[in-house]
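Structural description and commentary
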Amino acid sequence: MNVGEPQLTSVPATAAALNALTGLARKHPLALVALVYVAGVLAGSCFPVPVNWLFCAAGGVILVAGLWAAHRSWLLWSLLIALGWVNMALRTAVLSPVDLRVVAKDEPEIVTLRARLVETPTLRIFERNEQFTSRSHALVDVTALRRRGEWLPAVGRVAVTTPGVLATNFFAGRVAELTGVLREPRGALAPGLFDYRAFLAWQGVWFQLQCMDTNDWRLAADVSQPTTPPLADRFRDWAQRTLARGLPEEDQELRLLWAMTLGWRTALTDEVAEPFMRSGTMHIFAISGLHIALIASILVALLRAAQLPRGACGAVIVPLIWFYTAATGWQSSAIRSTIMMTIIVAGWSLRRPGNLLNSLAASGFIILLWQPTQLFQASFQLSFFVVLAIALLLPLFENVCQRLLQTDPFLPDELRPRWQRWLDRPVRFVTASFATSLAAWLGSLPLIAHYFHLVTPASLLANLVVVPLSAIALMANLGALITGDVLPWLTDIFNHAGWASMRGMVSFSRWTTTLPLAFFYVRAPTTFEFFAFYTSVGLLITGWFWTAGKRSWAAKILIALAAVWLVAEHRTRGEVRLTVLGHGTNVVYSDAPGRDRDLLVDCGEESAADLVVKPFLHAQGVTTLPHLALTHGDKGHVGGVELITSEFRPTVTFTSPVRFRSPVYRDALQRLEAEPTRWKTISAGDFAAGWEVLHPAGTEKFARADDSALVLRAEFNGLRVLLLSELAAEGQRALLARGGDLRADVVVAGLPGQGDPLTSDLLAAIQPRVIVLTAATSYAPKRSQLGLFSRLARNGIYLIRIAETGSVNIVFSSTGAKISSVDGRERFWLARPSAPRQPAESSLAL
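Residues numbered from 1 in each chain as written. Predicted model: local features only at pLDDT ≥ 70, side-chain atom pairs only at ≥ 80, totals over all residues. Heavy atoms only, no water.

**Overview of helix H16 (residues 459-483)**
Between its first and last C-alpha, H16 extends 34 Å over 25 residues, near the 36 Å set by a 1.5 Å rise per residue. In the structure, H16 departs most strongly from a straight axis at valine 465, where the bend amounts to approximately 25 degrees and where the proline proline 468 lies between one and four residues downstream. One or two steps after H16, the chain reaches glycine 484, where phi turns positive at roughly 50 degrees. (Helix = DSSP H or I, 4+ residues; strand = E, 2+ residues; numbered from the N terminus. Expected span 1.5 Å × (residues − 1). Bend = angle between axes of the 7 residues up to and from the residue.)

**A few points about the nonpolar core**
Leu599, Phe654, Trp691, Val721, Leu723, Ile810 and Phe812 are the most contacted members of the largest nonpolar core, which has 33 residues in total. Not counting residues within four places of it along the chain, the set of residues in contact with phenylalanine 812 comprises Gly574, Glu575, Val576, Leu578, Phe716, Asn717, Leu719, Val721 and Ala817. Counting residues in hydrophobic clusters, the runner-up holds 30 residues, among them Ala259, Val466, Leu474 and Met502. (Core = buried A, V, L, I, M, F, W, Y, C linked by side-chain atoms within 4.5 Å. Buried < 20%, exposed > 50% of the residue type's maximum accessible area, 1.4 Å probe, protein only. Contact = heavy atoms within 4.5 Å.)

**Quick notes on unusual backbone geometry**
For the bond from histidine 695 to proline 696, the omega torsion is 0 degrees, close enough to zero to count as cis. Examined against the element boundaries, proline 696 turns out to sit in the loop between strand E17 (691-695) and strand E18 (711-716). Residue histidine 453 is not a glycine yet carries a positive backbone phi of 60 degrees. In this structure, histidine 453 sits in the loop between helix H15 (418-452) and strand E8 (454-455).

**Comments concerning the packing of aromatic side chains**
For the structure on display, the rule yields 22 aromatic pairs. Seen from their ring centres, tryptophan 202 and phenylalanine 376 are 4.2 Å apart, and the 15 degrees between their planes marks the pair as stacked. On the criterion of sequence distance, the pair formed by tryptophan 202 in the loop between helix H6 (196-201) and strand E6 (205-210) and phenylalanine 376 in the loop between helix H13 (356-370) and helix H14 (378-405) is long-range, its members being 174 residues apart. Its relative accessible area of 17% is what places phenylalanine 376 among the buried residues. When the ring of phenylalanine 660 is compared with that of tyrosine 665, the centres are 5.1 Å apart and the planes differ by 90 degrees; the resulting orientation is edge-to-face. Phenylalanine 660 gets classed as buried once you look at its relative accessible area, which sits at 5%. Put simply, the rings of Phe385, Phe530, Phe533 and Tyr534 pair up and form one aromatic cluster. When the ring centre of tryptophan 151 is taken as reference, the NZ or CZ atom of arginine 114 above it lies at 5.5 Å. Lying across the ring of tryptophan 553, lysine 556 places its NZ or CZ 4.4 Å from the centre. (Phe/Tyr/Trp six-rings, centres within 6.5 Å; stacked < 30°, edge-to-face > 60°. Lys NZ or Arg CZ within 6 Å of the ring centre and 35° of its normal.)

**Observations concerning the environment of leucine 113**
As for its placement among the helices and strands, leucine 113 is situated in strand E1 (residues 109-117). Along the sequence, leucine 113 and glycine 180 sit 67 residues apart, while their C-alpha atoms lie 8.5 Å from each other. Setting aside chain neighbours within four positions, we find leucine 113 in contact with Val142, Ala144, Leu145, Trp151, Val158, Ala176, Glu177, Leu178, Leu182 and Leu209.

**Points about the side chain of threonine 325**
Along the chain, threonine 325 falls in helix H11 (residues 310-327). Threonine 325 gets classed as buried once you look at its relative accessible area, which sits at 0%.

**A short note on the side chain of aspartate 634**
With respect to the helices and strands, the residue aspartate 634 is situated in the loop between strand E13 (627-630) and helix H21 (635-638). Despite its burial, aspartate 634 pairs with no opposite charge, the nearest such side chain being lysine 635 at 9.2 Å. Within the structure, the side chain of aspartate 634 is placed 2.7 Å from the backbone nitrogen of glycine 636, a separation counted as a polar contact. (Lys, Arg positive; Asp, Glu negative; His and termini not counted. Salt bridge = Lys/Arg side-chain N within 4 Å of Asp/Glu carboxyl O. Polar contact = N/O pair within 3.5 Å; in protein donor to acceptor, adjacent residues only side chain to side chain.)

**A short note on the sheet that holds E18**
Within the open sheet, the seven strands sit side by side as E16-E17-E18-E19-E20-E21-E22. Their pairing is mixed. Every other strand in the sheet has two partners, leaving strand E16 (687-688) and strand E22 (798-801) as the edge strands with one partner each. Direction of pairing for strand E21 (residues 770-773) relative to E22: parallel, over a ladder of four bridges. Note that in E22 the partner of isoleucine 771 across the bridge is leucine 799. Relative to the sheet, helix H24 (residues 729-737) contacts E17, E18 and strand E19 (719-725), its axis offset from that of E17 by approximately 110 degrees. (Pairing = 2+ DSSP bridges. Axes fitted to C-alpha atoms, helices over the stretch in contact; angles between N-to-C directions.)

Here you go:
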């Protein structure tokens, strides 16, 4: 076979793919329009160009299109790309000399903002140890900024956070003066965690104002203020009272009904939302397609029963669903669904043939014309990928179900057993629901893994029950809102039916999470894995798997994708990833190839374990933890041990032979004593998950806890790492007196409460090239810190301070180590030593 033959044989497959795309464009022309416009939006995101240049380019395309008729159609497609590019630039570029990105300082500063509330502040409730704290959140459009007593013009949207509950006289449309710390929003606290800064940036918010308390809010006195809250606020207050009518108390089920029907997000605390996230049923609490479609269906049924023609039905339904969207606060998900339903209802009213893909493309195009940055928001991507997957996969699954459930065509229905005829409708309903759930699950699978690091097989079962129950609850709530005070007895019945449905949803969602393999955590998929997954789904949709002329090409494509993935995995299989977590956690996580040598060192204090360590481990795909090491009894290191052990069930927990006085540490040891197979005491000379223990010895006793901290060392691809924890001066002297080779390339150390951190003698013995200094404790002496910094600077040792950079990630490969901070400010390459290490006797300039 010569080189040209594979190219010749690939022509039919390529032609078939092009024909399929051409056919798709002819059947669904708006899909191609939307895709071309999206390409322009993506170009504007990846390649920011000055807006005036883009306008000139677009004008040039229009001029050429007007003069060159032969290629006008292609130039118009270019103009559509330019439209997306320009729109994206207009939403993200600095267009005003008083833009906050120009006026505000780079460093945090205390200022007063005069701003109009974009929305009524929302309340978030946080629960920890049965203690509740509240925080108010608001978006405001700034008109002026006061710095050192002088008002300056400024424009921009700011996110405001305030501890406590704001007074009810602060609502959307009012102008307020807010005092607080203006700063850039916080980025991701650790690799894989939620990036609040990026989340706000895609909403056009570049700064965050942190107020100390509600006293930092006051209404502007010299402007005309709206006297009544907006319609959405008044409707929500009335609706909450109506939906609570007849129920004995305001409990969790009632608050969740408010969240599902009215978009009231306060009810969805982390603890309440967790079972819905793990069962894949969280989508019922977004004012989305399910709500809008249900309302439209109910209205259609009522209006058609009243003998109204289609045109009149559409004229009534469209304003009503837009009223519902406005009354629930103009949530983005509701707007997207309402736009799409408006298009569908309009087509139905005008008796146009239905085309779900065209309707989906039209709604997406309109939404991105209005706000192109929504393309990069998780809710937009999930909404459209789920609907797209249902539109493309559901007919395929329904055909399979129809063939499986098909009865003998020659057997009259009357001759079939009665029980079979009775089961026909329930079985078809269940199979149709399962097919819809499966299509939605496949469409959203990589996106859920990317944003939430979850795979939820239980959702296939959970949604079979939860979605019908949510429809019943929504119908009951809508019935209660319609009857209201007019028929109070009927309102009570509706409310109890809605409450019972929500109780069923909560119970069933929690139960499904207890099933084997109900959910598990995964790392975020790579770009190639996204491409490979959706390519495979595309082959399934187009029927290449069972078409005789294309089956072999489908197999070749899958084999090629698998080969590329295996090559990429092979290249990184020997890498070891060491993460030093910031935000005051004092935690190190070692992710070695496989799972047998993974190790978490310490847990951080309780709040840090909950906010940082737990979600970080989930983002790494950790559902159960192989090894946990507790260095010493300091609360800042082991305060969150109960939370971490209950969530991740470590296979083995390592502790030193020293018994610390810390109550948290003693409680942890008592729990370990009840499970001796999960506990191992280690001392100098032992090994723990591939790490050598250097300190303390089994017989050593020290007066201070910091002197007894575990010291661990490991070697990855020729580079040594030493974890010193907060080893104090006495412990350092004992480590040196024990002798042995202490040299290491990377040292991770904290600052002890007393004494000199990393004494001169210890530095001379270790000879580090890089030191990562974890967050300093509040009682660490600043003089010791300054002395350490000066010693390191004199010897050219690269220092990374977690307190300044945030979490640090170190990837050890065969050629060296790549060190980077989560904020992107620190990037350092540590080459693997090519020569033998220096003798331990060599001195440093200390």
